[in-house]
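# An overview of the molecular structure
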Amino acid sequence: MDNPMYTPEGYTDRIRQELENCLIETNISQGEEFIGKVRDRYDLGDRMVLITTDRQSAFDRVLAAVPFKGQVLNMTSAWWFEQTRHIVPNQVLSLPDPNVTIAKKCTVFPIEFVVRGYITGTTDTSLWTIYRSGQRRYCGIDLPEGLVKNQKLSTNYLTPTIKGEDHDRPISPDQIVSENWMTADDWEQCSRIALELFAFGQAEAAERGLILVDTKYEMGRDENGEILLIDEIHTPDSSRYWIADTYQQRMLEGREPDNVDKEFLRLWFTENCDPYEDDVLPPAPDDLVVELSRRYIYLYETITGRSFEFPEADQPIEMRLASNLEGIA
């Protein structure tokens, strides 16, 4: 297969035209502002304005700005949120802009529910990095000997982490309860939801020729005590996706799977610097940024079955955002 991630002619040129028109910073007049690595939040009291920027993060730092990335993440999440309402209700109230979700406010559980179907990864907390170092017990799970990178696991593993300011800490379910991060009942409910969401996501991805490799979920409780799915779901930022048709052959050849997520960027940085230790990192090449954007758009179109709606050409993204959010409070 010459190009397992085909997008229509013209996409690459359009992306390249927008390299200097990325949403890097946000500034709206309403609410208290919270700046994240990728998503900026504005607290309006009973609601949150969630703005997904084009900032690209990995290794606990921002690496680049990728055209249309924020739109892809926000609209991909919106699609998945709608498809998974039968499993768990979610935060979404409205979508006033391709990069913006108005969300129901809730009390967030301090746990990221990380679910893995394969052993892979390059970061310090990735399952393959941990396994390669010799560790065989992770988040309360005993891992068998003889696993190889990118291999399918015998079952889906839930490997929770505590969200730290600089780095996430893996934790076992017993520790979550004993350290009072969550009650046993809340953990049981959320872990069941996470595994059900992942199994559903895997099945939907498989129908579209993709492998949902791993992902993370966040959940919270609203004012009525109902557990909600929040943040994002099954995006190329929060998940790994591989191309199903080429997976087996590339495994046999000892090559990395065709990936449709930010692992593409992670691999480049690990080959060209030490992204954890170097104070200054090399700039991501334009060609790599354009290709990453194209792959993100490919994922959106493949998952949703919809054509990506490019914004009006030559319109500064900040101007569009301000117009669409006018009077939102």
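To start, this report covers the structure provided alongside it.

Reading the values: rules and limits
- Residues numbered from 1 in each chain as written.
- Predicted model: local features only at pLDDT ≥ 70, side-chain atom pairs only at ≥ 80, totals over all residues.
- Heavy atoms only, no water.
- Axes fitted to C-alpha atoms, helices over the stretch in contact; angles between N-to-C directions.
- Helix = DSSP H or I, 4+ residues; strand = E, 2+ residues; numbered from the N terminus.
- Parallel < 35°, antiparallel > 145°, perpendicular 65-115°, else oblique.
- Contact = heavy atoms within 4.5 Å.
- Salt bridge = Lys/Arg side-chain N within 4 Å of Asp/Glu carboxyl O.
- Buried < 20%, exposed > 50% of the residue type's maximum accessible area, 1.4 Å probe, protein only.
- Core = buried A, V, L, I, M, F, W, Y, C linked by side-chain atoms within 4.5 Å.
- Phe/Tyr/Trp six-rings, centres within 6.5 Å; stacked < 30°, edge-to-face > 60°.
- Lys NZ or Arg CZ within 6 Å of the ring centre and 35° of its normal.

### Comments concerning the packing of helix H7 (residues 263-272) against helix H8 (residues 286-304)
It is the contact of H7 with H8, at a shortest axis distance of 10 Å, that shows an interaxial angle of 155°. One element, H7, and the other, H8, form an angle in the roughly antiparallel class. Of the residues in H8, those in contact with Phe264, Leu265 and Trp268 of H7 are Leu288, Glu291, Leu292 and Arg295.

### Quick look at the pattern of salt bridges
Using the criterion set out here, one finds 26 salt bridges in the structure. One salt bridge connects Arg16 with Asp287, and the closest N-O pair in it is separated by 3.0 Å. Taken together, the positions of Arg16 in helix H1 (residues 11-17) and Asp287 in helix H8 put the pair 271 residues apart, joining distant regions of the chain. Residues Glu204 and Arg208 are paired through a salt bridge, measuring 3.1 Å at the closest nitrogen-oxygen approach. Arg208 gets classed as partly exposed once you look at its relative accessible area, which sits at 24%.

### Comments concerning the nonpolar core
Counting 37 residues, the largest nonpolar core has Phe113, Leu210, Tyr217, Met219 and Tyr241 as its most contacted members. Elements with a contribution of two residues or more to this core: helix H2 (69-83), strand S9 (111-119), helix H5 (184-207), strand S15 (210-221), strand S16 (227-230), strand S17 (239-243) and H8.

### Overview of the packing of aromatic side chains
Overall, the coordinates contain 14 aromatic pairs when judged by the stated rule. For the pair Phe68 and Phe308, a centre-to-centre distance of 5.8 Å together with 70° between the ring planes defines the contact as edge-to-face. Placement of the pair is Phe68 in the loop between strand S5 (61-65) and H2 and Phe308 in the loop between H8 and helix H9 (317-325), with a sequence separation of 240 residues. Phe308 shares its class with Phe68; the two are buried. Ring geometry for Trp242 against Tyr247: centres 5.6 Å apart, planes inclined by 15°, an arrangement best described as stacked. An identical accessibility class is assigned to Trp242 and Tyr247; each is buried. Here a set of aromatic residues connected by ring pairs shows up, and it is made of Tyr11, Phe68, Tyr300, Phe308 and Phe310. Lying over the aromatic face of Tyr131, Arg136 brings its terminal NZ or CZ to 3.7 Å of the ring centre. Note that Lys152 overlies the ring of Tyr118, its terminal NZ or CZ placed 5.9 Å from the centroid.

### Overview of the side chain of Ser57
As for its placement among the helices and strands, Ser57 is situated in strand S4 (residues 55-58). Take Ser57: its relative accessible area is 8%, and that puts it in the buried class. Ignoring anything within four residues of it in the chain, the contact list for Ser57 reads Lys37, Val38, Val62, Leu63 and Lys262.

That is the geometry; function is a separate question.
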